[in-house]
Each structure stands twice: as C-alpha cells, then as structure tokens.
Amino acid sequence: MTSTLEPKSMGRPLTRVEGADKVTGRAPYAYEHPLSDPLYLHPVLSTIPHGRVTAVDTSGAEALPGVHTVLTPGNAERLADTEDREFAVLQSDEVSFHGQFVAAVVADTPETARQAAGLVKVDYERLSHDVVLTADHRGLYRPVEDADEGPSADTAQGDVEAALERAEVVVDHTYSTPTEHNNPMEPHTTTALWEEGTGHLTLYDSTQGVHVVRASVATVFGLDPERVRVVAPHVGGGFGSKGEAHAHNVLAAMAARALPGRPVKFALTRQQMFCLVGYRTPTIQRVRLGADRDGRLGAVSHDAVEQTSTIKEFTENSAMCSRWMYAAPHRRTTHRIAALDVPVNFWMRAPGECPGTYAAEAAMDELAHACGVDPVELRALNDPETDPQSGSPWSDRRLVQCLREGAERFGWHGRDPAPRSRREGDWLVGTGVASASYPHMFNPGSVAHVRHDGDGRYEVSIGAVDIGTGAWTSLTQIAADALGRPASDIRLRIGDTAFPSASVAGGSSGTSSWGTAIVAAARAFRDRHGDSPEPGAEASASAAEDTVDEGYSIYSFGAHFAEAWVNADTGEVRVPRMYGLFSIGRVVNPRTVRSQFLGGMVMGLSMALHEESYRDPRYGHIANGDFAEYHVPTNADVGDLRADWLDEEDPRATPMGSRGAGEIGIVGSPAAVANAVHHATGVRVRDLPITPDKLLR
Amino acid sequence: MEATITLHVDGEKRELTVDTRTTLLDALRDRLGNTSPKKGCDHGQCGSCTVLLEGRRVVSCLTFAVAHDGATVTTAAGLAGEDQLHPVARAFVDHDGFQCGYCTPGQVCSAVGMLEEAGADWPSHVTEDLRAPVTLDDAEIRERMSGNLCRCGAYVNIVAAIREASR
C-alpha cells in the first residue's frame, strides 16, 4: 500500500478532452486516418459450419477491373506462428465455423472489392456439425486450467448436498442466457500498411490494446515487434470484443504484405461481426440455495454449462461470482464447457460476472419470496464478514450500504411484496433489486513516460487506449495530480505503440493499471528532477507489480433497483426507472464515471429484455445478425436512469484510491429488471431475454 | 459505371466521380475524405451516418450519391465554423452525451434535424394531439431520436443535451 494522491484534479467533472473532436466527427477512427491511395478489402466467408474447402474459383473476381489480388488458402502467405488457431487465416482448407474467412479480395474501391468477393466461387465438402449447447451435451468437459493465472474451474467447501438436504428452504432452478454479441458501434476495422523496404507494418486499428495487437501480429507474422506499429487514438467502443487481435487483423496485414506500399482498409460489415470478433457464450446455469426459514444461507451451489469453439478455448467464468458474494458454510461452483463448431467466443462486458450474477441474483429473489423476507434485507442478512472463499478481510465491502441507501433513494420501501399486486390501467407494475460486484483488477506491465515541456507543462505518454471510457480525460487528471499541476498543463499522449507499453482496456482495469504507472512515472520524475526541472527533463517508470495490497480481497460493489411495467394484454415490458448505487473507491471523473455506470445499466436492461443471437442449428450461422433483428435499446427504450456512488477511497487498490468502473453497471442490472418483471406479473422467466411471448404463456 | 457529380458539402463545392453504386456515405468518406458521418451498419439501422441533406436528416448509407447531384450536404463537421461548436454539439459535450463518440456525429445531425421538425410542429408517434403545436418533452425527444443507436448507452445524457439545446 502506498500513499494516495491528494485529489485536486481527480474528483472534478471535467468534460472530455477530446469532446469537440468527437461531436464534430473529426476524431479519426481506424478507417479514417488520411492515407494516400488506399485499397479496400472485402472477405469471403464460409457458408458451412464444418468441413473443408475443396475448390476456390477466383477467375470471375480476378477478371473484374480494379481487382488487385484475391487471397485464398492456396496462395496466402504461410504464417510464422499459428499456435493460436484463431489467427490461422487461410492456412488450410479446414472450415471450423460458419463465417470463417475462406478468401479475400483487394480492389481499388469498396464497391469493386465487394462485387468481386461475390464472384468468388467456393466449393465445400461438408462434415457433420454440432452447434447447439445443451445442459447434458455429451461433449461437456472441465475447462483446461491455466496453472499460472487462471481461476480454478471448480470449487467446493463443506458438504453442499448434505446442507441442501437439511435446509428448511431450498431454491433449485436453472437459468439460461443466450448468445450475445458485443456490437460496438464502430465495426472492427484495420487499415494496414506494409513498407517492404523498411519491413515496417503499421496497423490503424480499432482495438482496446495497441500493445496487445502488436504482440499478436508480430508473433503470427514472425516480425520483430519493433517493426510493428499499432495506432488507435479513438476507438468506437469494444465492450471486450476488441480486447485482443482477431482474424481480421491477420487478414488485413496479410493483404498489405501482398501489396506493399498501399494502405489496405478492411472494415468488417455489421453482419460479419456476428462471425468473427467474439461473443458471449450462451449459458445454462443451475443455482441451488439452501437456507433456514429466515433466509440465512447454509448452502450455495452454482453450476455453469457453456460453449466454446473447436479451434480455441475460452471459458466464461459465470459461477465465480458465487464464490465471494454471500456467506454460506457449504458451497460449490463448477464450470463445464462443450467445444462446438462455432466461432470463437470471447470477452463481452463483465465476462462471467454478468451472466453469472443474473442467475445468482434471480435465485436470491426466488429465495426472498420463498422465505417471505424483503429482498434487500435477505442480501444484507447473508453479507459475509470476510471473503467466504479465501477468508481474507475485505478491503472495502460496502454492499449493504449500497443496498440500504439505494433502497431509500429509489423509493423501495412500502411496496407490497406480493407479485402482481399493483396495476395501473393496462399495466402490471413491479420493482426489483439485485446486488452487483466486480473484482478489482490490476494488470502489471504498464509503463508511462513523463517529459517536461517547459513552463510547468508536461507531456505524459502511455500506450493506453480510450474506447469511450474517458481515459483521455481521467488519465490527464491523474497525471495532473501526480505532477502537482493543473490538468491544463498536461498533454496526454495515448493510443499508439510508439508510446510505452500498456495493458488492455478491459476487466475494468485500465484506469487502475495505467494510472498507477503514470503515478510511478511522475514520482520517478520528481525524484530525479525535483520540482523545478529543466525543459526536456524526462523519466519513465512502470507500475510496481505489488501495487495491490495482497492481504485483502478487493472488490467493487453495487445495488441495482428497477421498476418494470408489463402490459397485461401484450406482455410488452417497459422500464421507466432504474437506479444504481455503487462503491468503487475514488471516482476520478464523476462525469465520465456516471456515463460508464449508466451505459452498463443500459446494456443490462438490454440483456434482460432485448438481446439474443439466434444460431440456426441447420447451418450454424446467426440468423438475426444485424441491428434490425439483434435488438439493442433505442433512446425510447430507456427511461429515468440514475447512478450514484459512495464517497470513498480505497488506498489498498491503487495510489489514486480508485478501483474500476467499466463493468459493474452491467453486473446485476439484468437481474434487477427480471426480478421487477416477476414482481409485476408473478411470472418467473428464467430464460433471457424476457420477451412478451414468455410472459403470455 | 461511373458518374461525375457535384456536392456542396459543409459549405464547399466539391466535384467528384463516383461509382453509381456508391452511397452518399461512401462518397463522403471514401471519395471526399469527410469522415464525420460514420458507418455503423450500412443498412440504415443505426443512424451513425446521419447527415443533413438539403437541411433534412437522412441516413446517408441508404441513398446513392449519384441521385444527389447538386445537393447540399451538412455533416456534423460543418454545422458550425472551423473552431466553433454548434449549440447542440456543445450541449453534447457539456452533458457527456456520448462515450466512444462513434454514433455522435450522427446523433448531433439527427438532433439538429429533429429540432427543426419539432419546431415546424411535425408530430411524432408519441404526440397526443396531432394538430397542436409540439411540446418537446423528454418522451418526444426520446421517440424522435430513436433512429440513432448508441451502444455505449448515453441516451439519458443525449436527452439532457437536446433538452438544453432546444430551449
């Protein structure tokens, strides 16, 4: 634990430093950097989920004027390292999922590239496929564990079965969540330029981690990382899907290397994003709670069944949240996954915690009803004094405060707990609550550089990325306080591998990890140069790996409240009001943090009511892969949403006293909405999303 | 097939050659280098590409450039002078009506166009009395802005920004 910075700039609601550039559209995203003489890539995607390519006829495409090249498995360069099979683009005739790259056209214009891609004829040999996850799927297995860092797939404490046998009240239900796609507004895009003479590859990329992409691409192509530059000053959202390189980065770079000296622009279409850039696995979660009549938990059991792809394993740790959320002497969590002939699943906002907390908090609501205990007080009753998994003391657990203060501010009290007890005209009205938690994450390895420009002005550089989180602004504020200057004296530089190494914008870890490096660099600068440095004085430092106080369990917490109106005749659900109260340590920028909370809550509302990617079992593709059919909330779907936070700092987490803010808004909010719908209607929908048909059965 | 057309974009007369399949959005972005309007879906489903065409908001991905020879197009970059912000854009900054910023130029253009429509008393789906002057309350703003998706979920702040700018 180090001393925390004195907050002078931190805590102030500065408007975004890049705000004017964004509202005018002048801020350049990956497709938009002014480069002369670009070419355009359009890919050809497999139309079968499993099999092999037997022939590719490129003659029609190649005959089209303006086509520069057609890449196929037969002519694409052999990559240096394809151990990560997601990156083995055009390396063999194997097809492992519907929508895999099987060819690509590069042409003078986007129209020509697209037309030519449509002229490429691909023949396949189809093999049998399996794209449907079931609770008893024959291929289910315990995920491979990474001994160094990955969490254990299973945990067990005490004797859950015996405790459930003994329990006075048992809740035992299975909840499911569907495949969901991140769908950031900016499609994943890479503009790639290969300069043959110098052997330099530049990628203007839509990514949550420029250094992350550089490392992957350098490995795949066998290049010295110093010869790969990745640039991303502005990124149009990601929500996890841009957290690592994907196959399109490789394809764009491959095309650029085939056409040296010409930038190749490759923006995925919205439809292609449903195949190639990750998604949240469907989950099937059985939650069993055993309690006494007052609601005190004796047993918590949470078993998650999920899918992954045949080419790359990724496990959504949905049951993990039940390891720390509530006290119970007997506990068990498991994860089982089946590798299907589907695209690679990956991070989507709060991977694990989001779907897991939906199931766990819906089950807690069922327990509250079964015991006749107020749902807020049920949670308070089971609040653990120490981390139930490790026994460690909490750094700063304020869940009960969030629940009780949140209940006051939302106007929770006075509700009739009986379902279907309030009707307003044609509408059934109910309220719901759910807890939220998210672990404090800190990624080591970030380095910051501080340089004195003169006159007390400083340039602070770090290869971090702002995907909409507010990093441009919050890191400026952290740097200001670390250097003891006003924010206006700080010139922040991020979004480029030309700046020092930085970890990914993911896991709500960005501000913590990068901010800690900036504080370290500022302290190193003052140690070396004092308070009156010469112009040009500079220093670099990395965040110490032991920044986080290891003796403590460090989590953020929150409470969500929602009011649902359900039309008694049509089953339409409206949510006029949501309220979230959070405990995340110090809030670096109230304006941007509030936006993060609200955004997470909107996405949680969306998960509860709207989002579902439907995979056609016959062909293995997503049948509703665009914004007309994959529903996300519009402005009219969102009512009076409010988010507040407790005034606090957590010096055990970071030198700023802050934890993370990006994900906790989506954790718990789906359950709050689902619980409110149950309270309104008396119908317990356990399979998201809660569409009208499920309420009218 | 190609065609040469003239567009008046953000106050500047521009002559350009387009493929007859080129959308107005791609003409702006790929041919003229004006990347203020964004491509979020290319199917008219998200609104990121919204510009003002002859003063009215349109999704520029759903119309061909060749159909608009001689037209006046205003993007979010051209709503105000080079170093100024349009009051709607200013309100978006002040109310944090965006996060990633990708849908934002479309939101801002849509809001500017919408304020004109409401000012002319065009009713919306939620307007109670179709003949009365429009009162631009939050429900009206939300309804009229629902052609512009924001995946970051900045809607509450977008409504606040437009509410302020409409006064």
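Residues numbered from 1 in each chain as written. Chains lettered and ligands numbered in written order. Predicted model: local features only at pLDDT ≥ 70, side-chain atom pairs only at ≥ 80, totals over all residues.

Caption draft 1: Region of the structure containing the overall build of chain A. The secondary structure content of chain A amounts to 15 helices and 24 strands. A compact globule built from 697 residues would reach a C-alpha radius of gyration of about 26 Å, and chain A, at 26 Å, matches this within 12%. Along the first, second and third principal axes, the C-alpha set of chain A runs to 75 × 70 × 50 Å. Here chain A, with 697 residues, has 62% of them falling under the buried criterion. Contacts in chain A between residues at least 24 apart in sequence constitute 82% of all its contacts with a sequence separation of at least 6. (Helix = DSSP H or I, 4+ residues; strand = E, 2+ residues; numbered from the N terminus. Rg over C-alpha atoms; globule rule 2.2 N^0.38 Å. Buried ≥ 20, exposed ≤ 12 C-beta atoms within 10 Å, placed from the backbone. Contact = placed C-beta atoms within 7 Å.)

Caption draft 2: Fine view of the packing of helix 8 (residues 353-371) of chain A against helix 14 (residues 669-681) of chain A. Residues and elements named next belong to chain A. Orientation of helix 8 relative to helix 14, taken along the N-to-C sense of each, is 35°, at an axis distance of 8 Å. For the crossing formed where helix 8 meets helix 14, the hand is right-handed. Every residue of helix 14 that contacts helix 8 at Thr357, Tyr358, Glu361, Ala362 and Asp365 is listed here: Pro670, Ala671, Ala674, Asn675 and His678. (Axes fitted to C-alpha atoms, helices over the stretch in contact; angles between N-to-C directions. Left-handed = near helix turned anticlockwise from the far one by under 90°.)

Caption draft 3: Representation of the packing of helix 11 (residues 471-483) of chain A against helix 12 (residues 510-529) of chain A within the structure. Residues and elements named next belong to chain A. Contact geometry of helix 11 with helix 12 gives a least axis separation of 9 Å together with a crossing angle of 30°. Taken together, helix 11 and helix 12 sit at an angle that is classed as roughly parallel. Two packed elements cross with a definite hand, and for helix 11 against helix 12 that hand is right-handed. Note on element contacts: helix 12 touches helix 11 through Gly510, Thr511, Trp514, Gly515, Ile518, Val519 and Ala522, opposite Ala471, Ser474, Leu475, Ile478, Ala479, Ala482 and Leu483. Partitioned by chemical class, the residues of the contact of helix 11 with helix 12 number ten nonpolar, four polar and no charged. (Parallel < 35°, antiparallel > 145°, perpendicular 65-115°, else oblique. Nonpolar A, V, L, I, M, F, W, Y, C, P; charged D, E, K, R; others polar.)

Caption draft 4: Just the domain arrangement of chain A, in detail. Residues and elements named next belong to chain A. Taken as a whole, chain A is organised into domain 1 (19-28 + 444-542), domain 2 (39-128 + 184-269) and domain 3 (155-180 + 279-440 + 551-695). Put simply, the middle of domain 1 and the middle of domain 3, counted by C-alpha atoms, are 35 Å apart. Every contact between the two is made by 14 residues of domain 1 and, on the other side, 16 residues of domain 3. Of all the elements in the fold, those that place two or more residues in the side of domain 1 that touches domain 3 are helix 11 and helix 12. The element contributing the most residues to the side of domain 1 that touches domain 3 is helix 12, with five residues. (Domains from an automatic or database assignment.)

Caption draft 5: Just the domain arrangement of chain B, in detail. Residue and element names in this part refer to chain B. Assigned domains within chain B: domain 1 (2-78) and domain 2 (87-165). Computed over C-alpha atoms only, the centres of domain 1 and domain 2 are separated by 22 Å. Contributing elements (two or more residues each) for the side of domain 1 that touches domain 2: strand 3 (50-53) and strand 4 (56-59). In terms of residue count, strand 3 provides more of the side of domain 1 that touches domain 2 than any other element does, three residues in total.

Caption draft 6: The interface of chain B and chain A, seen in detail. Residue-level contacts link 49 residues of chain B with 46 residues of chain A. When residues of the side of chain B that touches chain A are traced back to their parent elements, those giving at least two are helix 1 (24-31), helix 2 (87-94), helix 3 (104-119), helix 4 (138-144) and helix 5 (155-165) of chain B. Considering each element in turn, the side of chain B that touches chain A owes the most residues, five residues, to helix 5 of chain B. The residue inventory of the side of chain B that touches chain A, partitioned by class, reads 23 nonpolar, 15 polar and eleven charged.

Caption draft 7: Broad picture of helix 14 of chain A. All names here are of chain A. Under the 1.5 Å per step criterion, the end-to-end length of helix 14 is 19 Å for 13 residues, consistent within 8% with the ideal 18 Å. Helix 14 sits mainly inside the fold: 13 of its 13 residues count as buried. Count one or two residues on from helix 14 and you reach glycine 682, which has phi positive near 80°. (Expected span 1.5 Å × (residues − 1).)

Caption draft 8: Summary view of the nonpolar core. All names here are of chain A. Counting 262 residues, the largest nonpolar core has Val105, Ala255, Ala479, Ile518 and Val673 as its most contacted members. By residue number, the principal contributor to this core is helix 13 (residues 590-609), which donates ten residues. If sequence neighbours within four positions are ignored, alanine 255 has contacts with Leu41, Leu71, Ala104, Val106, Ala192 and Val264. Formed by six residues, the second largest nonpolar core is a distinct cluster that contains Phe239, Tyr279, Trp347 and Met348. (Core = buried A, V, L, I, M, F, W, Y, C linked by C-beta atoms within 7 Å.)

Caption draft 9: The arrangement of the sheet that holds strand 2 (residues 12-19) of chain B in detail. All names here are of chain B. With respect to topology, five strands assemble into an open sheet ordered 2-1-5-3-4, the strand pairing being mixed. Each edge of the sheet is formed by a strand with only one pairing partner; in this case those strands are strand 2 and strand 4. Ignoring strand direction, the axes of neighbouring strands in this sheet form an average angle of 40°. Where strand 1 (residues 2-9) lies against strand 5 (residues 72-74), two bridges are found, and the strand directions are parallel. Looking at the pairing, histidine 8 lines up with threonine 72 of strand 5. Against the sheet, helix 3 makes contact with strand 3 and strand 4, and its axis sits at roughly 40° relative to strand 3, the strand it touches most. (Pairing = 2+ DSSP bridges.)

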